[in-house]
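Results of the structural survey
The chain contents come next:
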Amino acid sequence: MPDLELQFRAMTAEDIPAGLRLCRLSRWNQSQRDWELFLTLSPAGCRVAVKADQVVGTVTTVSYQNCVSWIGMVLVDPAERLQGIGTQLLNEALNVLKDQPLVGLDATPAGREVYLKLGFTDECSLSRMETVVDGIATDENNPARPMTEADFAQVCDLDRKVFGADRSRMLEWMFAGASELAWVLPREGNIVGYALGRHGFNFEHLGPVVAEDVQTAKQLVSECLAEQAGKPFIIDAAHHEPEWLRWLESVGFKQQRPFIRMFRGEARRPGTPEKQFAILGPEFG
């Protein structure tokens, strides 16, 4: 007889189909390539909940230079919800990251109540916004241009200053998977903003968008989306600049759902988050 007791163990590559099954049940956007990256970046840091030999829940962790770590992909089979599995998975992740100085996640309003009890505090609000690209106007004087491999060192340097830790492996993975969504904006020989994106099951996902100011962010997104007519997109936009949100709405984005970025730990939040106009995604930070 199969063991009906809930068990937790490390995630392996063999669990990716189960992770994809849970994504589809919850209408999440991740692909097999995303799951493969979780295991590449954190081969011992992701967990599954197993019941009757079936994966019924997942959680992932990523650590960036032992400076800031991230929890994502807290997924539970709809048939197994309201049994505390999600909380147990979260505790599994926190145990993995127990020696890390700062742990972050992006919470839904409902999940926020659970995370507050575990010592997380709010940093900022985010909005997941969606659109089907339709006729975004471009400006022939827009200095944004497609990213090239020659730009990559500057892009990673800018990202490190804004995010607060090195995530160059993640950015390389994004550029390799969707180079057509990769744009930069140079100014006086320096890159002052960039945008990257990735392909998903339901949507193209635009982000991160890192820029010196809101005008640079708008120019990057305008040029990127001008090439993508007819495609569905999401962007997880930060609320630092009201003008940024108003502009996204003006070009057709509508809010799908809110998130709250939260952190736990005594370390100071690194980087300059006000220059990250769109995050990479709730699962990656």
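Anything mentioned here points back to the structure above.
The present account deals with the structure reproduced in this document. Just so it is clear, the model here is predicted, and its values are computed rather than measured. (Residues numbered from 1 in each chain as written. Predicted model: local features only at pLDDT ≥ 70, side-chain atom pairs only at ≥ 80, totals over all residues. Heavy atoms only, no water.)

Some remarks on the nonpolar core
Rules: What we call a nonpolar core is a set of buried Ala, Val, Leu, Ile, Met, Phe, Trp, Tyr and Cys residues that are connected through their side-chain atoms within 4.5 Å. Residue exposure (1.4 Å probe, protein chains only): buried if accessible area is under 20% of the type maximum, exposed if over 50%, otherwise partly exposed. Under the scheme used here, helices are H or I runs from DSSP no shorter than 4 residues and strands are E runs no shorter than 2 residues, and both carry numbers assigned from the N terminus.
Core analysis: the largest hydrophobic core is formed by 43 residues, its most contacted members being Trp 35, Tyr 64, Met 147, Tyr 194 and Leu 196. Among the elements of the structure, helix 1 (16-26), helix 2 (32-41), strand 2 (47-51), strand 3 (54-64), strand 4 (68-76), helix 5 (152-163), helix 6 (168-177) and strand 9 (190-199) are those that each provide at least two residues to this core. A per-element tally of this core places helix 5 first, with six residues. Trp 183, Cys 224, Trp 247 and Phe 253 belong to the second-largest nonpolar core, a separate cluster that totals 29 residues.

Some details on the layout of surface pockets
To keep things clear, this is the line we draw: Using protein atoms alone on a 1 Å grid, points that fit a 1.4 Å probe yet trap it form a cavity, whereas open point sets bounded by protein on both sides within 12 Å along at least five of seven lines form a pocket; residues with an atom within 4 Å of a point count as lining. Grid points are joined across faces, edges and corners, and a volume is the space filled by probe spheres set on the points. Gly counts as polar in this scheme, as do all residues outside two lists: the nonpolar Ala, Val, Leu, Ile, Met, Phe, Trp, Tyr, Cys and Pro, and the charged Asp, Glu, Lys and Arg.
The computed volume of the largest pocket comes to approximately 920 Å³. In terms of lining, the largest pocket is formed by 37 residues, of which the most central are Trp 28, Val 74, Leu 75, Thr 108 and Tyr 115. Broken down by element, the lining of the largest pocket gets its largest block of residues, six residues, from strand 4. Taken together, the residues of the lining of the largest pocket break down into 18 nonpolar, twelve polar and seven charged.

Brief notes about the pairing of strand 4
The condition that has to hold: In this analysis, strands are considered paired if DSSP registers two or more bridges between them. We call a crossover right-handed when, viewed with both strands directed away from the observer, the connection leading from the first strand over the helix to the second proceeds clockwise.
Here strand 4 lies mainly inside the structure; eight of its nine residues are buried. Where strand 3 meets strand 4, seven bridges bridge the pair, whose relative direction is antiparallel. The residue of strand 4 that forms the bridge with Gly 57 is Val 76. Hairpin remark: strand 3 followed by strand 4, antiparallel, with three residues in the connecting loop; positive phi at Gln 65, about 60 degrees. Sheet topology places strand 4 next to strand 5 (residues 103-107); two bridges connect them, and they run parallel. Within strand 5, the residue paired with Trp 70 across the bridge is Gly 104. What joins strand 4 to strand 5 is helix 3 (residues 85-96), and the crossover it makes is right-handed.

A few points about the environment of Val 56
Under the convention used in this document: In what follows, a contact means two residues having at least one pair of non-hydrogen atoms within 4.5 Å.
Mapped onto the secondary structure, Val 56 falls in strand 3. Along the chain, Val 56 and Ile 85 lie 29 residues apart, while their C-alpha atoms are 8.7 Å from each other. Beyond its immediate sequence surroundings of up to four residues, Val 56 is in contact with Leu 6, Leu 22, Ala 49, Val 50, Lys 51, Leu 75, Val 76, Asp 77, Glu 80 and Ile 85.

A word on the pattern of salt bridges
Quick note on the threshold: In the sections that follow, a salt bridge refers to a side-chain nitrogen of Lys or Arg positioned within 4 Å of a carboxyl oxygen of Asp or Glu.
Under the criterion given, the structure shown has 18 salt bridges. A salt bridge links Asp 34 to Arg 198, with the shortest nitrogen-to-oxygen separation between them at 3.5 Å. Linking Asp 34 in helix 2 with Arg 198 in strand 9, this pair joins segments that are 164 residues apart in sequence. With a relative accessible area of 1%, Asp 34 lands in the buried category. Taking the shortest distance from any N to any O, the salt bridge between Glu 243 and Lys 218 comes out at 2.9 Å.

Overview of the packing of helix 5 against helix 6
What counts here: For helices, the fitted line uses only the C-alpha atoms of the stretch in contact; every axis is such a line through C-alpha atoms, and the angle between N-to-C directions lies from 0 to 180 degrees. Between 65 and 115 degrees an angle is taken as roughly perpendicular, under 35 as roughly parallel, over 145 as roughly antiparallel, and anywhere else as oblique. Handedness of a crossing follows from how the near helix is turned relative to the far one, being left-handed for an anticlockwise turn of less than a right angle and right-handed for a clockwise one.
Viewed as axis vectors pointing N to C, helix 5 and helix 6 meet at an angle of 130 degrees, and their least axial separation amounts to 10 Å. One way to sum up the angle between helix 5 and helix 6 is to call them oblique. Of the two possible hands of crossing, helix 5 and helix 6 adopt the one that is right-handed. Contact residues: Phe 152, Val 155, Cys 156 and Asp 159 in helix 5; Ser 168, Leu 171, Glu 172 and Phe 175 in helix 6.

Focus on the packing of helix 1 against helix 2
Running from N to C, helix 1 and helix 2 cross one another at 125 degrees; their axes reach a closest spacing of 10 Å. With respect to helix 2, the axis of helix 1 lies oblique. In this structure, the crossing between helix 1 and helix 2 has a hand that is right-handed. Contact residues: helix 1 offers Ile 16, Gly 19, Leu 20 and Cys 23, while helix 2 offers Gln 32, Trp 35, Glu 36 and Leu 39. Residue classes in the contact of helix 1 with helix 2 are distributed as five nonpolar, two polar and one charged.

Let's talk about the packing of aromatic side chains
Applied cut-off: When the centres of two rings from Phe, Tyr and Trp lie within 6.5 Å, Trp using its six-membered ring, the rings pair. Their planes under 30 degrees apart give stacked, over 60 give edge-to-face, and anything left gives tilted.
Scanning all chains against the criterion turns up nine aromatic pairs. Centroid distance Phe 38 to Phe 284: 4.8 Å. Interplanar angle 25 degrees. Geometry classified as stacked. Of the two residues, Phe 38 is situated in helix 2 and Phe 284 in the segment after strand 13 (276-278); the sequence distance between them amounts to 246 residues. Taking 5.6 Å as the distance between ring centres and 75 degrees as the angle between the ring planes, the aromatic pair formed by Trp 70 and Phe 263 counts as edge-to-face.

As far as function goes, none of this settles anything; it's purely spatial.
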